[in-house]
2 protein chains.
Amino acid sequence: MSKITFKFENGDVNEVFANEGEQILDLAKKANVVIDAPCSGNVSCGKCKVKLLEGSVKSEITRHITEEEYADGWRLACNSEVDGDAVIGVPDIASAFKNRMKVADLSTGEEVKIFNKTIEDIKATGIKVGNDMEILEIELAEPTLDDTTPDNTRLTDAIREKYHVSFVTLSYNVLKDLSSVLRENNFKVKCVVGLKNDRTVVYRICSPDDDPILGGLAVDIGTTTVSALLVDMKDGKILSKASAGNGQIRYGADVINRIIEAEKPGGKEKLQSAIIDETIKPLIQNMCTHANIDPINIYRMTVSANTTMNHLFAGVDAGSIRMEPYIPVFYTTMALHGGNLNLGIHPDAKIIITPNVGSYVGGDITSGVLANTMWNSEELTLFVDLGTNGELVFGSSDFLMTCACSAGPAFEGGDISCGMRATDGAIEACEIDEETMEPTFKIVGEEGTKPIGLCGSGLIDVIAELFRCKIINPKGKFVREGERIRHDKFGMGSYVLAFKEDAGSVKDVEINEVDIDNFIRAKGAIFSAINLMLSSLDFDPSVLDRVFVAGGIGSGINMENTIRIGMFPNIPVEKYFYIGNSSLSGAYATLVSNEAEEKVYEIGRGMTYMELSTNPSYMDEFVAACFIPHTNSALFQ
Amino acid sequence: MSKITFKFENGDVNEVFANEGEQILDLAKKANVVIDAPCSGNVSCGKCKVKLLEGSVKSEITRHITEEEYADGWRLACNSEVDGDAVIGVPDIASAFKNRMKVADLSTGEEVKIFNKTIEDIKATGIKVGNDMEILEIELAEPTLDDTTPDNTRLTDAIREKYHVSFVTLSYNVLKDLSSVLRENNFKVKCVVGLKNDRTVVYRICSPDDDPILGGLAVDIGTTTVSALLVDMKDGKILSKASAGNGQIRYGADVINRIIEAEKPGGKEKLQSAIIDETIKPLIQNMCTHANIDPINIYRMTVSANTTMNHLFAGVDAGSIRMEPYIPVFYTTMALHGGNLNLGIHPDAKIIITPNVGSYVGGDITSGVLANTMWNSEELTLFVDLGTNGELVFGSSDFLMTCACSAGPAFEGGDISCGMRATDGAIEACEIDEETMEPTFKIVGEEGTKPIGLCGSGLIDVIAELFRCKIINPKGKFVREGERIRHDKFGMGSYVLAFKEDAGSVKDVEINEVDIDNFIRAKGAIFSAINLMLSSLDFDPSVLDRVFVAGGIGSGINMENTIRIGMFPNIPVEKYFYIGNSSLSGAYATLVSNEAEEKVYEIGRGMTYMELSTNPSYMDEFVAACFIPHTNSALFQ
């Protein structure tokens, strides 16, 4: 047995014992060391770079590691095997997901800017904000020797009488302390109830002097990032918001790899634990600490997520999602309550999962449609959600049609050698001087932050600018020479975005032809899917009144550049709107409004799912779109 | 800190550290060492006798320890304090409750004899055996690219169609493995469902080749003893039966002491854990092992218990039960499911608690009435349940009236110096030769078992025989002299049942005047309660058509002797019937029959509760009955 020590930049240390020959990336998974490996250890993405600090590992030089880097100790975790004791440094960029939790306290009344499409837009459609959570004040007759009605009947009878409801049941939590709470408060109490139709559930009872929180939780579970809102359901006020990397990332960057991992023995439980215990529960605890409430006061939770993510969240078999005929276990399910999952919220809290439409169009999309209100407008709208997968919805108040395309993770920085999420050090916007070929950047983070890599919007800009400056040709090959242009011994060209000395990284930040090719295939998948969906209805992009773009690609997305590179159709740029995280907005609306909840189910039922992969034209359309901007350049003139 | 080591007769050892001055009985509670202390450590019952094996404790001689015993190391745990390291022997009789679990495997078809009143009697009333558990076979259309209905809807739709029910919901447990179970069985499965009205809950799905068990569990939680039946709900067949001491015994012998213990911080959780984790869960596991089934296949559980026991089982505040105006938290509650309690049964299993009628007439009595079928007969019936408390029900198909009397634990061997439960070594029947005053016994256990003490039925016999032989007078004082008669230095008389050399114990087995006095008060409480309840309706005992006696007092109860000592009214002995554990019989009926479940609720609602303690005649009646047989001897001629 050898001892492998993982050392994080923040000083944390994780020790594990391993047999010779074990792969370092696998070992890291076992040791719960989060190393980003979007390609799941296939030695193709080059993201799992770690630094050998002491001892040795058995490893080879790959195209992702230069000889200089190798000499400096850099190795790919997925291409290294245990070869005796070793100390391995895990750089922040590789372990970004676990620690990058962001929590904002909004109890100070700070303006909430998470929604481009806000609850106000939803209210404008006629949907009322209002849910079944209420606080009732009630005073009971004190028991006597002549009136020995037991406590539970005494309370439920009083509620039925005062509030004219037929059925009142007590949560087990209430029953346990009912006697003492009633007596400590002289039989005058406040009740937190869920009041739906004429059925009332009492979730909590407390002193009449208390001001009980009606906590609600809206969560968007993205394949890469999880975002959450803690909400006061009395007025819909957001008490806290938070986001963190999806703890499942170490089991693969995309849904397919996660499903495969979940199919292994005990895998379903591991994946569920990664999203619940490692991701959502800490988010809840952090938000609750900020807002100074106990999570037990959360009585309703809405979850918007793609089909795989909501299955893995629920701990449900996801295997059939990835295999023809691609059948999920549920579109909607009412089976989940707080007590089924280890979240620390009220055990009888209703967990609402926004409805799936198919195996690859999930609750994040129905939720996004709810939030962008395209279902309420006669304008023909295209909705594009750029996550780890790409999903499209086209329609209006008359019809809604949807499809998914496997664009891959390029828009979130995956499959790109210098790709990264839109966190500190990410280039989010770029211009290149046509003459000098020198770039200028906008970088995420404080003034003076040095560039580390490219996030989605930066990638679009860089490729659009390289093309505009004729540094690359329509196939994405480098066709100019200069200080920033390099070719390796295999002839592969690259462009240096930042030389080592100017970068926040240990080596030059560069983009190469493989990256550009990966990106072209991603944008080609999006463009061809849009085109195919429209043409299947005998439409072309000119009919579009507006295009909503959602997803983690970042608000910095330059719509002109997306058109210039042939990612989005060539219609007036004014028709494009970046609407942010519409999945979370929809989850929030569903949380605070029963009418929105009904609406999102209606949207789910009413959406027509179109399977692209079985469409005979898809491959032709896709291949034609794998060009900058397109093989049919007339489309972009 | 001193180290105190508890050593059990079976060789088990339990070590704990303590401060000087800590009481040994308290320390034993903390260390989860079960020492029987019916008086809760008030140095009055003398039951908590332990033996100092090494080291020392600070202790005094009491009336319960002779000088000879003291020299031999015997001490009362409640009267001993830590005084340095010590090794303390805990004899079997003191720690009897935890280990005396009895499990019987009935899968061999052995005849079930637990019911004097059987399910056949209940069926004879017209109540059908039949519950909502069923096994459905179902074959689903396999999904295709053109039929992508998700798994959950596919299943629920098929059940709705085939079985003509409106609402079908899936247990969360089913949802988790639905995909793989469907596919492993080519979409042909068996479903375990609860089918009530037109609502169906699917609890489990499995292969069509499986023969799923529909497990059910009936439990009688007595203050002293817990009995349980594992049942196949398909045919009502009993798969296994088991009983064990109630693990709460170390918190006090009677309900009042348990309530007081539960009111302390964390006490409710401790008491709940003692009955669930230490008592019922091991019973379930043992029965399931015997019957070779997994407890997850238990879908319905019925619990019959007195009001305090069912509150503590549910983990519900019980404090108000013991304080005027004596209000329980619930008579009935629907709040409990398997998932709320740590029992290992199906998390969605319905837990039915048979209804309470008042703070001191609980579900054991409504359950007993259900089982004895007095509600279905025009015969005027008196039902007496002799547990740690005594409860009475009087009535017929026209009316039911009930009351409780605090008879104390004498009938179960409590408050009697040589009292014990009806386990090995207990004298269960006795005759005394009037001339020689020599006793002859029937002893529980194998041939040749030596007497250790007296159980309830033996106690009745001994006192009746002592009285018949004029060894004691009507006040219970010894009035004859002889080898077996002794008087201590305070003048207290006693009768030696077995000399040390003939006994299975370290000292003579004797009964003294304090014991007799305790018993007289217990039987006086029962008799006066019967008389008061009857006279309040202008009846006297002559109207009684029959008397049902239930409880742990033992089937050996000699009814003639109960009349002779004035415990039961002087009516023809043929009218008396010992019906065993009617609480468990009723729990069993409620388990296997939905109609019985409805009936037991109806019985609960229809019973009139009479509070004896506030009746002005009660004290007079009681005092008059504290005589053998009664101050009014005309009642027994």
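Here's the deal with the overall build of chain A
A tally of helices and strands in chain A yields 16 helices and 27 strands. Radius of gyration (C-alpha) of chain A: 27 Å, near the 26 Å computed for a compact globule of 637 residues. C-alpha extents for chain A along the principal axes are approximately 100 × 65 × 50 Å. Counting across all 637 residues of chain A, residues that qualify as buried make up 60%. For chain A, restricting intrachain contacts to residue pairs at least 6 apart in sequence, the fraction spanning at least 24 positions comes to 67%. For chain A, the exposed area adds up to about 24,400 Å²; of that, 46% sits on carbon and sulfur atoms. Computing the positive centroid from 59 side-chain charges and the negative centroid from 92, chain A places the two 1 Å apart.

Quick look at the sheet that holds strand β23 (residues 493-498) of chain B
All names here are of chain B. Taken in spatial order, the 3 strands of this open sheet run β22-β23-β24, and their pairing is antiparallel. Edge strands, defined here as strands with exactly one partner in the open sheet, are β22 (485-487) and β24 (509-512). With direction set aside, neighbouring strand axes in the sheet form an average angle of 35 degrees. Alignment of β23 against β24, held across 4 bridges, turns out to be antiparallel. When the sheet's bridge partners are listed, Tyr495 is paired in β24 with Ile511. Against the sheet, helix α12 (residues 513-536) makes contact with β22, β23 and β24, and its axis sits at roughly 60 degrees relative to β24, the strand it touches most.

Points about the pairing of strand β5 (residues 80-90) of chain B
Residues and elements named next belong to chain B. Counted residue by residue, β5 has 8 buried out of 11 residues, so it is predominantly covered. With 5 bridges joining them, strand β1 (residues 2-8) and β5 adopt parallel strand pairing. Bridged to Thr5 within β5 is Val87.

Remarks on the interface of chain B and chain A
With 40 residues of chain B at the contact, the number on the chain A side is 40 residues. Overall, the association of chain B and chain A removes approximately 3,100 Å² of surface from exposure, summing both partners, and the carbon and sulfur fraction of that is 60%. In this assembly, chain B and chain A are joined by 2 salt bridges. One salt bridge in this structure joins Lys268 of chain A and Asp177 of chain B, with 2.7 Å as the shortest N-O distance. Mapped by element, the contributors of at least two residues to the side of chain B that touches chain A are α5 (151-163), α6 (172-184) and α8 (267-291) of chain B. In terms of residue count, the dominant contributor to the side of chain B that touches chain A is α6 of chain B (8 residues).

A look at helix α9 (residues 307-314) of chain A
Within α9 of chain A, 8 of the 8 residues are buried, leaving the element largely enclosed by the surrounding structure. Among the residues making up α9 of chain A, those that are buried are Thr307, Thr308, Met309, Asn310, His311, Leu312, Phe313 and Ala314 of chain A.

Overview of the domain arrangement of chain A
Parsing chain A into structural domains produces domain 1 (2-97), domain 2 (133-206), domain 3 (363-407 + 533-629) and domain 4 (410-519). Computed from C-alpha atoms alone, the centre-to-centre distance between domain 1 of chain A and domain 3 of chain A is 39 Å.

Remarks on the side chain of Asp508 of chain A
Residue and element names in this part refer to chain A. Of note, Asp508 is situated in the loop between β23 (493-498) and β24 (509-512). Assessed through its relative accessible area of 18%, Asp508 is described here as buried. Side-chain polar atoms of Asp508 contact the side chain of Arg486, separated by 2.6 Å. For Asp508, the residues in contact, after removing those within four places along its chain, are Arg486, Val496, Ala498, Phe499 and Lys500.

As for unusual backbone geometry
Cis rather than trans, the peptide bond between Glu324 of chain B and Pro325 of chain B has omega equal to 5 degrees. Looking at where Pro325 of chain B falls in the secondary structure, it is placed in the loop between α9 (307-314) and β15 (350-353). Across the junction of Ile628 of chain B and Pro629 of chain B, the peptide omega takes the value -10 degrees, indicating a cis bond. Assignment of secondary structure puts Pro629 of chain B in the segment after α16 (618-625). The phi dihedral of Tyr326 of chain A is positive, around 55 degrees, even though this residue is not glycine. In this structure, Lys470 of chain A takes a positive phi of about 55 degrees despite not being glycine. Within the fold, Lys470 of chain A resides in the loop between α11 (456-468) and β22 (485-487).

Here's the deal with the packing of helix α10 (residues 363-372) of chain B against helix α15 (residues 594-606) of chain B
Angle between the axes and distance between the axes are the two parameters that describe a pair of packed helices. All names here are of chain B. Where α10 contacts α15, the two axes come as close as 9 Å, and the packing angle between them is 120 degrees. When the axis of α10 is compared with that of α15, the two are oblique. Seen along the crossing, α10 lies across α15 with a hand that is right-handed. Note on element contacts: α15 touches α10 through Ala596, Lys599, Val600, Ile603 and Gly604, opposite Thr366, Ser367, Val369 and Leu370. Tallied by class, residues from the contact of α10 with α15 come to 5 nonpolar, 3 polar and 1 charged.

Observations regarding the relation of the copies chain B and chain A
Overlay of chain B on chain A (RMSD 0.1 Å): rotation 180 degrees, translation along the axis 0.0 Å. Such values leave the two copies arranged in the relation of a two-fold axis. Identified as the residue of chain B closest to the rotation axis by C-alpha distance is Gly339 of chain B, at 4.1 Å. The share of interface residues of chain B whose copies in chain A are also at the interface is 100%, consistent with both copies meeting through the same surface.

Thoughts on a negative patch on the surface
Negative charge collects at one region of the surface, where Glu20, Glu60, Glu81 and Asp83 of chain A lie side by side. Residue Glu60 of chain A is classed as exposed on the basis of its relative accessible area of 58%.

Here is what the cut-offs are and how they apply
- Residues numbered from 1 in each chain as written.
- Chains lettered and ligands numbered in written order.
- Predicted model: local features only at pLDDT ≥ 70, side-chain atom pairs only at ≥ 80, totals over all residues.
- Heavy atoms only, no water.
- Helix = DSSP H or I, 4+ residues; strand = E, 2+ residues; numbered from the N terminus.
- Rg over C-alpha atoms; globule rule 2.2 N^0.38 Å.
- Buried < 20%, exposed > 50% of the residue type's maximum accessible area, 1.4 Å probe, protein only.
- Contact = heavy atoms within 4.5 Å.
- Areas by Shrake-Rupley, 256 points an atom, 1.4 Å probe, with all protein chains shown as cover.
- Lys, Arg positive; Asp, Glu negative; His and termini not counted.
- Charge placed at Lys NZ, Arg CZ, Asp CG, Glu CD.
- Pairing = 2+ DSSP bridges.
- Axes fitted to C-alpha atoms, helices over the stretch in contact; angles between N-to-C directions.
- Buried area = accessible area lost by both parts, 1.4 Å probe.
- Salt bridge = Lys/Arg side-chain N within 4 Å of Asp/Glu carboxyl O.
- Domains from an automatic or database assignment.
- Polar contact = N/O pair within 3.5 Å; in protein donor to acceptor, adjacent residues only side chain to side chain.
- Parallel < 35°, antiparallel > 145°, perpendicular 65-115°, else oblique.
- Left-handed = near helix turned anticlockwise from the far one by under 90°.
- Nonpolar A, V, L, I, M, F, W, Y, C, P; charged D, E, K, R; others polar.
- Least-squares fit on C-alpha atoms with pLDDT ≥ 70 in both.
- Patch = residues over 30% accessible without salt bridge, like charges linked within 9 Å, V, L, I, M, F, W, Y side chains within 5 Å.

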